[in-house]
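A look at the structure
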Amino acid sequence: MKEKEQVVYKDTINYLLNNTLTASFVLDIDKLKIEYINAAFQKMFGYSEVIISQFNKDKLFSLFSINDTIIFKNIIDKVSHSTVGECFSGQYALKMKDSNDFVSVFANHTVYELNDVTGLPAKMLVTLFAS
C-alpha cells in the first residue's frame, strides 16, 4: 500500500509541476543533482534541463552565493531527515544562466521520493517564489 501511495503522490506532484507557473525543481539528495526543472524554472533562470543536469555534486552549489550555499545545505540536511509531508521554508538567491546576477527567492522544500531500500528521503521537491 505504501508503494501505491508513493506512486499516486508522485503522479500528483508531476501534474502540478507541469501545470503551474511556480518555478520548481527536484533534487536527488544523495547525488546532489537536480534531475528535473519545470518550464517556470527554465523561464525564470534561463537554464535548460540539459544544462542544469550538469550541476551535480559541488558544482550544484555554484548556483548559490557562499552564504546561500550554507543555507541550502542545511535545508537538504533537514529534508533528508524528515518524513513525507514535512515542509521547510528558506530564503536564498539562485544564479541566472549566462549572468552573474542572482534572483532572490522564498522556497519550500519537501520530500519528493523515498529510497525503496532504506525508506529515507531520496529526492527533494523545491518550489520557488521570487521575492
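Scroll up to find the structure this text is about.
Note that the structure is predicted; figures quoted are calculated from it, not measured. (Residues numbered from 1 in each chain as written. Predicted model: local features only at pLDDT ≥ 70, side-chain atom pairs only at ≥ 80, totals over all residues. Heavy atoms only, no water.)

What the five strands build is an open sheet, ordered β2-β1-β5-β4-β3; its pairing is antiparallel. Both edges of this open sheet fall to β2 (33–37) and β3 (87–95), since each of them pairs with a single strand only. Going across the sheet, the axis of each strand differs from the next one's by a mean of 35 degrees, ignoring polarity. Direction of pairing for strand β4 (residues 102–114) relative to strand β5 (residues 121–130): antiparallel, over a ladder of nine bridges. By the bridge assignment for β5, F106 is matched with F129. (Pairing = 2+ DSSP bridges. Helix = DSSP H or I, 4+ residues; strand = E, 2+ residues; numbered from the N terminus. Axes fitted to C-alpha atoms, helices over the stretch in contact; angles between N-to-C directions.)

Within the largest apolar cluster, 31 residues are counted, with the highest numbers of intra-cluster contacts made by F25, F41, L63, F72, Y92, M124 and L128. Breaking this core down by element, the ones donating at least two residues are β1 (23–28), β2, α2 (39–45), α4 (66–80), β3, β4 and β5. Take this core: its biggest share by element is five residues, from β4. Contacts of L128, omitting those with residues within four sequence positions, involve T22, A23, F25, F41, F45, Y92, L94, V105, F106 and A107. (Core = buried A, V, L, I, M, F, W, Y, C linked by side-chain atoms within 4.5 Å. Buried < 20%, exposed > 50% of the residue type's maximum accessible area, 1.4 Å probe, protein only. Contact = heavy atoms within 4.5 Å.)

The next thing to look at is the pattern of salt bridges. The full count for this structure, using the stated rule, is three salt bridges. For E35, the salt bridge is made with K123, and the minimal N-O distance between the two is 3.0 Å. Of this pair, E35 sits in strand β2 while K123 sits in strand β5, and the two are 88 residues apart along the sequence. Residue E35 is classed as partly exposed on the basis of its relative accessible area of 37%. For K123, a relative accessible area of 14% puts it in the buried group. Residue E113 pairs with K123 through a salt bridge whose shortest N-O separation is 3.7 Å. You can see E113 sitting in strand β4 and its partner K123 sitting in strand β5, a full 10 residues away along the chain. Because the salt bridges share partners, they merge into one network encompassing E35, E113 and K123. (Salt bridge = Lys/Arg side-chain N within 4 Å of Asp/Glu carboxyl O.)

On the secondary structure map, M44 appears in helix α2. Ignoring any residue separated from it by four or fewer positions in sequence, one finds M44 in contact with A23, M96, V103 and A130.

Our focus in this paragraph is the environment of L16. By the element assignment, L16 lies in helix α1 (residues 2–18). The exposure class of L16 is partly exposed, given its relative accessible area of 46%. Separated by 57 residues in the primary sequence, L16 and K73 have C-alpha atoms spaced 26 Å apart.

Okay, the packing of aromatic side chains next. Overall, the coordinates contain seven aromatic pairs when judged by the stated rule. Geometrically, the ring pair formed by F64 and F72 is stacked, given 4.6 Å between the ring centres and 25 degrees between the ring planes. Residues F64 and Y92 carry aromatic rings whose centres are separated by 5.5 Å and whose planes lie at 70 degrees to one another, so their mutual orientation is edge-to-face. Of this pair, F64 sits in the loop between α3 (49–52) and α4 while Y92 sits in strand β3, placing them 28 residues apart in sequence. This pair shows no difference in class: F64 is buried, exactly as Y92 is. Chaining the aromatic ring pairs together yields one cluster made of F25, F41, F45, F64, F72 and Y92. Above the plane of the ring of F55 lies K59, whose end atom (NZ or CZ) is 4.8 Å from the centre. Just above the ring of F61 sits the side chain of K73; from NZ or CZ to the centre is 4.7 Å. (Phe/Tyr/Trp six-rings, centres within 6.5 Å; stacked < 30°, edge-to-face > 60°. Lys NZ or Arg CZ within 6 Å of the ring centre and 35° of its normal.)

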